[in-house]
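For reference, the chains in residue letters:
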Amino acid sequence: MYKQIRLRKGKEESLRSFHPWVFSGAIAHIDEGVSEGEVVRVVTCSGDFIAVGHYQEGSIAVRVLTFADVPVDDGFWASRLRSAFQMRLAVGIAPTDEMLVSGNVHNNTYRLVHGEGDNLPGLIIDVYGETAVMQAHSIGMHLCRKQIARQLSVVMEDRIKHIYYKSETTLPFMTADDMNGFLYGGSDDNVAVENGLRFRVDWLKGQKTGFFVDQRENRSLLEQYAHGKRVLNMFCYTGGFSVYAMRGGAELVHSVDSSAKAIELTRKNVELNFPGDSRHEAFCEDAFKYLDHLPFSDKAECGQCSYDLIILDPPAFAKHRGALHNALKGYTRLNQKAFEKIERGGILFTFSCSQVVTKDHFRNAVFTAAALAKRKVRILHQLHQPADHPINIYHPEGEYLKGLVLYVE
Ligand code: SAH
């Protein structure tokens, strides 16, 4: 039987409506000897069962694994993982068995587990072909990593031959031992296929699990707009948007990132899909400075501006609520620069992946940028995270990626 955490009177309300977190302020009593990452039973002040979850010191004290009074054992992990996989199959994101047998796989890159969105708070698993990259965001998940990896290989059978664990950056306060490495199999083959395009994924040293899986559908939409366009892909990282723009028939594609490693990855991925194609160039530079050096579109002759399709996909400007105000200023500044420089009749794809920045906040920041740049702007699409990054309806905090596609006159 698990040790218990007793809530203060009335503090079970949000859990009764299935919100998966217990905040430290809601706790009246913790059984003696409960350690970091341990599985605990959460009960009301009168001792009624509420949930089972991982305990961790800090503001989020318990991340709920289940609202049923059941053990967190092999069967539990297998059932959660199976449910996550079934959903990706049902919505057509994971390749079917027939596709795998025939070798006709258009997409083998997807998020298999998206934390709270898959009722597994603190756990991320991205799949790249036969490799799964697993990341823990809580000590509880870190302690369970081997058990989860075993069950993952059982549930996924032959589909997954390698499981790489990568939590050095997400659990930085832990010792480096055991934070990165293969838990199952082991392979250097790291080419992932996304919508028929190939990407070299550096899960050993890359950001997150090595690739931003969440932009797959938005990249596809960009491809449809790219024909004949001069494209600027800002914050390109592995060059995802650039490669799609090239397949879409762009006239030229320029990729910009401040990281030399990202520029190297972008060049490799362009070369992998379009060897020797001179339409692409990559620049290692700060995005704000790069935009500053472009001519203002109202000063240039029509057709003389540098770019008529710009993508802005910066890193999260706000990692916590305290940074919100400055982050919004950052989004306004960045978008204003793009509005000032984009060709008349140009199209801007602009994103925010900061969880604390809501859709309305972001739209407001972009609206302010448009007004400051004095451009006439229409919203063509409102974008968001794809179905393999689901939002648990009881956990609205799971919504993080938002984007706007704008027609700029
Ligand atoms: N658009 C990418 C993901 C972008 S991640 C994709 O589709 O995969 C954010 C990227 O912004 C990182 O590669 C990071 O190196 C880069 N970056 C961060 N600050 C920057 C800055 N000031 N100027 C240019 N690039 C920056």
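Because the structure is predicted, anything quoted here is derived from the model rather than measured.

What counts, and at which threshold
Residues numbered from 1 in each chain as written. Predicted model: local features only at pLDDT ≥ 70, side-chain atom pairs only at ≥ 80, totals over all residues. Heavy atoms only, no water. Helix = DSSP H or I, 4+ residues; strand = E, 2+ residues; numbered from the N terminus. Contact = heavy atoms within 4.5 Å. Pairing = 2+ DSSP bridges. Axes fitted to C-alpha atoms, helices over the stretch in contact; angles between N-to-C directions. Polar contact = N/O pair within 3.5 Å; in protein donor to acceptor, adjacent residues only side chain to side chain. Left-handed = near helix turned anticlockwise from the far one by under 90°. Nonpolar A, V, L, I, M, F, W, Y, C, P; charged D, E, K, R; others polar. Salt bridge = Lys/Arg side-chain N within 4 Å of Asp/Glu carboxyl O. Near = heavy atom within 4 Å. Buried < 20%, exposed > 50% of the residue type's maximum accessible area, 1.4 Å probe, protein only. Patch = residues over 30% accessible without salt bridge, like charges linked within 9 Å, V, L, I, M, F, W, Y side chains within 5 Å. Areas by Shrake-Rupley, 256 points an atom, 1.4 Å probe, with all protein chains shown as cover. Right-handed = clockwise from strand over helix to strand, strands pointing away.

Caption draft 1: Focus on the side chain of Ser 187. Looking at the element boundaries, Ser 187 is found in the loop between β11 (180–184) and β12 (191–194). Residue contacts for Ser 187: discarding those within four places in its chain leaves His 162, Phe 182 and Trp 203.

Caption draft 2: Quick look at the sheet that holds strand β7 (residues 109–114). Pairing within the open sheet is mixed, and its five strands lie in the order β7-β8-β9-β10-β11. Single-partner strands in this sheet number two, and they are β7 and β11. If you compare each strand with its neighbour and ignore which way they point, the axes differ by 25° on average. Here strand β8 (residues 123–128) runs beside strand β9 (residues 131–136); their pairing, made up of six bridges, is antiparallel. Looking at β9, one finds that Ile 125 is bridged to Met 134. Packing against the sheet, helix α2 (residues 74–90) makes contact with β7 and β8, and its axis sits at approximately 140° to β7.

Caption draft 3: Molecular detail of the environment of Arg 80. Inspection of the secondary structure assignment puts Arg 80 in helix α2. Through-space distance from the C-alpha of Arg 80 to that of Tyr 331 is 37 Å; in sequence the pair is 251 residues apart. Setting aside residues up to four positions removed in sequence, Arg 80 forms contacts with Leu 65, Thr 66, Asp 118, Asn 119 and Leu 120. Engagement of the side chain of Arg 80 in a polar contact is seen with the backbone oxygen of Asn 119, the distance being 3.1 Å.

Caption draft 4: Spatial organisation of the packing of helix α6 (residues 216–225) against helix α7 (residues 240–247). The N-to-C vectors of α6 and α7 enclose an angle of 35°; their axes lie 8 Å apart at closest approach. Crossing hand, α6 versus α7: right-handed. Of the residues in α7, those touching α6 at Arg 216, Asn 218, Arg 219, Ser 220, Leu 222 and Glu 223 are Gly 240, Phe 241, Tyr 244, Ala 245 and Arg 247. Here the contact of α6 with α7 is built from residues that sort into four nonpolar, three polar and four charged.

Caption draft 5: Highlighting the pattern of salt bridges. If you walk through the whole model with that rule in mind, you get 17 salt bridges. In this structure, Arg 159 and Asp 97 form a salt bridge, with 3.1 Å as the shortest nitrogen-oxygen distance. With a gap of 62 residues between them, Arg 159 in the loop between α5 (145–156) and β10 (162–166) and Asp 97 in helix α3 (residues 97–102) connect regions that are remote in the sequence. Between Glu 409 and Arg 378 there is a salt bridge, and its shortest N-O distance comes to 2.4 Å. Of the two residues, Glu 409 sits in the segment after β20 (402–408) while Arg 378 sits in strand β19 (residues 377–384), which places them 31 residues apart along the sequence.

Caption draft 6: Here's a closer look at the sheet that holds strand β18 (residues 346–352). Strand order in this open sheet of seven strands is β16-β15-β14-β17-β18-β20-β19, and the pairing throughout is mixed. Of all the strands in the sheet, just β16 (280–284) and β19 have a single pairing partner and so form its edges. Here the strands of the sheet are splayed against their neighbours by 15° on average, with no regard to which way each runs. Summarising the sheet, strand β17 (residues 309–312) and β18 pair through four bridges and their orientation is parallel. Residue pairing in the sheet places Leu 309 in a bridge with Ile 347 of β18. Against the sheet, helix α8 (residues 260–273) makes contact with β15 (252–257) and β16, and its axis sits at roughly 170° relative to β16, the strand it touches most.

Caption draft 7: View of the site of the ligand. Surveying the vicinity of the ligand reveals 16 residues, the closest of which are Arg 219, Asp 257, Asp 286, Ala 287 and Asp 313. At 2.6 Å, a side-chain N or O of Asp 257 approaches an oxygen atom of the ligand.

Caption draft 8: Expanded view of α7. Here α7 lies mainly inside the structure; seven of its eight residues are buried. Residues of α7 that are buried: Gly 240, Phe 241, Ser 242, Val 243, Tyr 244, Ala 245 and Met 246. Phi turns positive, to about 90°, at Gly 249, one or two residues after α7.

Caption draft 9: Spotlight on a nonpolar patch on the surface. Nonpolar side chains collect at one region of the surface, where Phe 18, Ile 393 and Tyr 394 lie side by side and expose about 340 Å² of accessible area between them. Mapped onto the elements, Tyr 394 comes out in the loop between β19 and β20.

Caption draft 10: Inspection of the pairing of β7 at higher detail. Judged by how many residues are buried, β7 sits mostly within the fold: six of six residues are covered. Direction of pairing for β7 relative to β8: antiparallel, over a ladder of five bridges. Bridging from a neighbouring strand, Arg 111 pairs with Asp 126 of β8.

Caption draft 11: Structural context of the pairing of β15. By the criterion of burial, β15 is predominantly enclosed, with five of the six residues buried. Note that strand β14 (residues 230–234) and β15 share five bridges and pair parallel. Along β15, the bridge assignment pairs Asn 233 with Ser 255. You can see the chain leave β15, run along α8 and come back into β16, and the turn it takes is right-handed.

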